[in-house]
Amino acid sequence: MSKKTMDDLFLFTAEPPAGKPAPQDPPADEDTSDVIPDADAPDRHETGSFMIAGTDNLFGELWEDAGPGDGGPSAGTDQRVPRQRPRVKAEEFATQQREISISEFFAKNKQLLGFDSAARALMTTVKEAVDNSLDACEDAGILPTLIVEIVNLEDNRMCVIVQDNGPGIVREQIPKIFAQLLYGSKFHRLRQSRGQQGIGISAAGMYGQLTTGKPMRITSRIGERHPAHYFELMMDLKKNRARIVKDMIVDWDVGHGTRVEIELEAQYKSGRQSLDEYLAQTAVANPHTEIFYTNPRGEKLHFPRVAMDLPRQPEEIRPHPHGVELGMLIKMLRESPHRRVSASLQHEFSRVTPRIAEEICQLAGVPITRNPQKLTGDEIQALYKAIPQVKILAPPATAVVPIGEELLRRGLARQIRGAEFYVSRSRNPRVYRGNPFLVEVAIAYGGELQGLVDHGDPGDIAVAGVSLDQEKTVASALLDLPGFTRKKVAECLEKSGISPRKRVKSLEFSEIAQLRSAYDTYARQEADTTSAQIIRLANRVPLLYQLKACAISKAIMDMNWRRYGVTQPRGGFPQGPLVIMVHFASVWVPFTSESKEAVAHYEEILEEIRLALQDCARELSGWLARKVKIKANRERKSLFQRYIPDLARSLAVLTGGKAKDLDGMIQEALEEYAEQVALPEMVDLEAERVPVNAFDGDGDGDDDNDDDNDDGDDDSDSDSGDDV
């Protein structure tokens, strides 16, 4: 076979159709501008008339010559045929098919679980371990005390340690809980809890195994009379099973609890969307929890317990018929142990009485004595269509537990210090897709509020709660502050009069105070033009990522904050010294993905969040109006006080009285006229700790006013009765 060069590959050849002579090029001196194309001339797109030689197979053996020995035409004939690929039989395809385990899938798609970056992997690992610890402690009736420690290792590796004082885990369950995906106790029950799918902590261990090759280390003890069991576990990705590296009994001076250690590739950062912020928000959402935290820099933080009582234990409920899908209805009826359709409907669903079951069957045309396992597809379809036509009570609200208005305010005030105004609201439970849920909102406004601004102890080398690296220059260390750029660092150092090349370790305490003062000035200037800080909680768990994809964010942006006296750009978040915290609690949180970072956009959820926001915004609007009135009265009083001495002397001349006495009388009248409007007092952080259940049984507060409407604003609250 002759080989082709690159020049041959792109050689254009015009070949006439069979039976027609090849067209001749006109002489070079002949004028062809008036020549009319021949209708019989070959079409240059016609097969065989225009081709690029060899382009049918550029990267293999381009052409094969078919000679007489190959069954082709006689020698001398220039006929080339493309080489044929061998065909693959269906049997060969069948041998390549195999089952994919869930662990193999998530090992290749770690980003779906929240492990798409080193910084987020650290956050997700701690989050999953903390969620499990809090759920275990609350289920066992124990006030949670957590120890969270992040240890720096070499090669961008860290060791995450989370220890709790929970009930512990029995030895046989430890490998399944920590090294097997989709294994847990929460997926099949309808009750408010942090975990849902049985993926989180085992996925964190899998990520550590993939990035470091090291096993998870678990120590657990179920009581003082029982030994402490120590495990080192790896995950068999092909079988989704635990591979036990070490199993032994150890001495552990803890009466009961669990300790988890995971080595992984991770990155620690401070500021927004950091591990520090996550734990601070966890303390706000769980005021009954005490957390001891040591970050990778060795700094120790303590989040004390605010409430001394555990929250009410949520009750498990059965699915509500108005939220069931057709496929799930088929499954439930097929697996029902009852022999009558009416009995199955009553015992498999919540709020279905004998009368309601009979009404559903009557509308569907199905006898109530029919065996559910023998129902036809058409009969089940008829039952499915009949259920929405029957009026059924909403699911019981005992399955969800609010944080409470008082604890929301206190928790927010503990995290956001220096605000002038705090307000919170807890809504009555509602239903989406048959699942009960409730919404709580808290707002902090004013003062020197600018996110998490807390300079710490006067003796600390820290600004805005961020410890400065003592080995760096001042200019370089200040870049670690949230929102600080090189330009802002230069302005801050210019105001404080500190050299940017000076080392942090050589700073005097007076110079650190100057840096803090300069940062406070920057914070106050930025407050009015900075977007409000949004704190999103789902079943008491902070959501730090996927802000714009969350239903909570959409409800905040869609609301008209300008009518309540708050600046808001079109289609954006409100601006100003404002913090908005929204807590969504439900037996099943509709997350948008397995990473559990954003709530899905259900209309019922969006509407309830909007109403709760408007409840708080009305309080904020009234407070802002009173504040404006106070300022106007103070200015009026200050202006009038300038002329009181002259007025008193003039009146003394006219009335014959004493100017001093008249001056005092005018001052008293001025005080009565310019009476100041009392503003709400700030939350007393030093007051006695409030019990968790120190709010109404319905979690709604005594001063709830759901029917309070704004003129021209469609924020009327629909009837919160028992019917769906």
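Residues numbered from 1 in each chain as written. Predicted model: local features only at pLDDT ≥ 70, side-chain atom pairs only at ≥ 80, totals over all residues. Heavy atoms only, no water.

**Overview of the overall build of the protein**
Which entries qualify depends on this criterion: Going along the chain from the N terminus, every DSSP run of H or I of four or more residues is numbered as a helix, and every run of E of two or more is numbered as a strand. Exposure classes here rest on a 1.4 Å probe applied to the protein chains alone. A residue is buried below 20% of its type maximum, exposed above 50%, and partly exposed in between. Whether two residues are in contact is decided by their heavy atoms, any of which lying within 4.5 Å being enough. All accessible areas in this document rest on Shrake-Rupley with a 1.4 Å probe, and a residue is counted as covered only by the protein chains that are shown.
Of the regular secondary structure elements, the protein holds 19 helices and 20 strands. Looking at the protein as a whole, 45% of its 724 residues are labelled buried. Here the contacts in the protein between residues at least 6 apart in sequence split such that 71% fall between residues at least 24 apart. Accessible area of the protein: about 38,300 Å², with a carbon and sulfur share of 49%.

**Concerning the packing of aromatic side chains**
Definition in use: In this analysis, rings of Phe, Tyr and Trp, with Trp reduced to its six-membered ring, are considered paired at centre separations within 6.5 Å, and the interplanar angle assigns stacked below 30 degrees, edge-to-face beyond 60, and tilted for intermediate values.
Per the stated rule, a full pass over the model turns up six aromatic pairs. A centroid spacing of 5.1 Å and a plane angle of 45 degrees characterise the contact between Tyr 432 and Tyr 602, whose relative ring orientation is tilted. Within this pair, whereas Tyr 432 is found in strand E14 (residues 430–432), its partner Tyr 602 is found in the loop between strand E20 (578–586) and helix H17 (603–641), the two being separated by 170 residues in sequence. Judged by its relative accessible area of 2%, Tyr 432 falls in the buried class. Pairing Tyr 445 with Trp 623 gives two aromatic rings, centres 6.1 Å apart and planes at 70 degrees, and the pair type is edge-to-face.

**A closer look at the sheet that holds strand E8 (residues 228–236)**
This is how the line gets drawn: Being paired, for any two strands, means DSSP has found at least two bridges between them. Every angle, taken between N-to-C directions, lies between 0 and 180 degrees, and every axis is a line fitted to C-alpha atoms, over only the stretch in contact when it is a helix.
One open sheet holds the eight strands; their spatial order is E9-E8-E7-E10-E6-E5-E11-E12, and the pairing between them is mixed. Because the sheet does not close on itself, it has two edges, and the strands there are strand E9 (241–250) and strand E12 (300–303). Recorded for the sheet is a direction-independent mean angle of 15 degrees between the axes of neighbouring strands. In this structure, strand E5 (residues 145–152) lies alongside strand E11 (residues 290–294), joined through five bridges in parallel fashion. Bridging across to E11, Ile 147 finds its partner in Phe 292. Helix H4 (residues 118–139) rests against E5, strand E6 (157–164) and strand E10 (257–265) of the sheet, and its axis sits at about 10 degrees to E6. Contacts from helix H6 (residues 200–212) reach E6, strand E7 (216–221), E8 and E10 within the one sheet, and its direction differs from that of E10 by about 35 degrees.

**Thoughts on the confidence of the model for the protein**
Definition in use: Confidence of the predictor at the level of single residues is captured by pLDDT, which takes values from 0 to 100.
Put simply, the protein has an average pLDDT of 78, and 77% of its residues get 70 or more. Long-range and interchain partners of residues 9–14, a stretch whose pLDDT sits below 50, account for 18 contacts in this model, where long-range means more than four residues apart. Predicted confidence is poor over residues 32–63, with pLDDT under 50, and the contacts of this stretch with residues over four places away or in other chains come to 41 contacts.

**Concerning the packing of helix H8 (residues 326–334) against helix H11 (residues 377–386)**
When two helices pack together, their arrangement is captured by the angle between the axes and the distance separating the axes. Just so we agree on the cut-off: Oblique is the label for any angle not under 35 degrees, not over 145, and not in the 65 to 115 range, which are roughly parallel, roughly antiparallel and roughly perpendicular in turn. Less than a right angle of anticlockwise turn of the near helix away from the far helix marks a crossing as left-handed, whereas a clockwise turn marks it as right-handed.
In the contact formed by H8 and H11, the axes pass within 10 Å of each other and the chain directions differ by 120 degrees. Here H8 lies oblique to H11, going by the angle between them. Pair H8 / H11 crosses with right-handed handedness. On H11, the residues touching Leu 326, Leu 329, Ile 330, Leu 333 and Arg 334 of H8 are Ile 380, Gln 381, Leu 383 and Tyr 384.

**Remarks on the side chain of Thr 282**
By secondary structure assignment, the location of Thr 282 is in helix H7 (residues 275–285). What makes Thr 282 buried here is its relative accessible area of 2%. In contact with Thr 282, not counting residues within four places along its chain, are Val 130, Leu 134, Ile 291 and Pro 542.

**Looking at the pattern of salt bridges**
Opposite charge on two side chains permits pairing when their charged atoms draw close. To keep things clear, this is the line we draw: The salt bridge definition used is simple: a Lys or Arg side-chain nitrogen within 4 Å of an Asp or Glu carboxyl oxygen.
What the rule picks out here adds up to 28 salt bridges. For the salt bridge of Arg 649 with Asp 646, the shortest nitrogen-to-oxygen distance reads 2.2 Å. In this pair, Arg 649 and Asp 646 are both assigned in helix H18 (residues 644–655), three residues apart and thus about one turn of the helix distant. Here Arg 649 falls in the partly exposed class, since its relative accessible area comes to 47%. The class of Asp 646 is partly exposed, set by a relative accessible area of 40%. When salt bridges with common partners are traced through the structure, they connect Lys 214, Arg 217, Arg 259, Glu 261 and Glu 263 into a single cluster.

**Quick word on the pairing of E9**
Pairing between E8 and E9: nine bridges, direction antiparallel. The residue of E9 that forms the bridge with Met 234 is Arg 243. Two successive antiparallel strands, E8 and E9, enclose a turn made up of four residues, where Asn 240 displays a positive phi of approximately 55 degrees.

**Points about the nonpolar core**
Selection rule: Within this scheme, the nonpolar core is defined by two criteria: the residues are buried Ala, Val, Leu, Ile, Met, Phe, Trp, Tyr or Cys, and they are joined through side-chain atoms within 4.5 Å.
Counting 48 residues, the largest nonpolar core has Phe 178, Leu 275 and Tyr 293 as the members making the most contacts within it. Here the element with the most residues in this core is H4; it accounts for seven residues. Counting residues in each nonpolar core, the second largest holds 41 residues, with Phe 437, Ala 555, Met 557 and Val 599 among its members.

**Notes on empty space enclosed by the protein**
Here is the rule: Here the term cavity refers to a set of points on a 1 Å grid, laid over the protein atoms alone, in which a 1.4 Å probe fits but cannot get out; the term pocket refers to an open set having protein on both sides within 12 Å along at least five of seven lines, with lining residues being those that place an atom within 4 Å of a point. Grid points are joined across faces, edges and corners, and a volume is the space filled by probe spheres set on the points. Amino acid classes used here: Ala, Val, Leu, Ile, Met, Phe, Trp, Tyr, Cys and Pro are nonpolar; Asp, Glu, Lys and Arg are charged; the rest, including Gly, are polar.
According to the stated counting rule, one finds three cavities of 30 Å³ or more in the structure shown. Together, Ala 119, Leu 122, Met 123, Gln 267, Tyr 268, Lys 269, Gln 273, Ser 274 and Leu 275 line the second largest cavity. In terms of residue count, H4 provides more of the lining of the second largest cavity than any other element does, three residues in total. The class makeup of the residues in the lining of the second largest cavity is five nonpolar, three polar and one charged.

**Here we look at unusual backbone geometry**
In this structure, Asp 155 is a non-glycine residue whose phi angle is positive, near 60 degrees. Within the secondary structure layout, Asp 155 lies in the loop between E5 and E6. Judged by relative accessible area, Asp 155 falls into the exposed class, the value being 60%. Unlike most non-glycine residues, Gln 546 shows phi in positive territory, near 55 degrees. Relative to the assigned elements, Gln 546 resides in the loop between strand E19 (541–543) and helix H16 (551–558).

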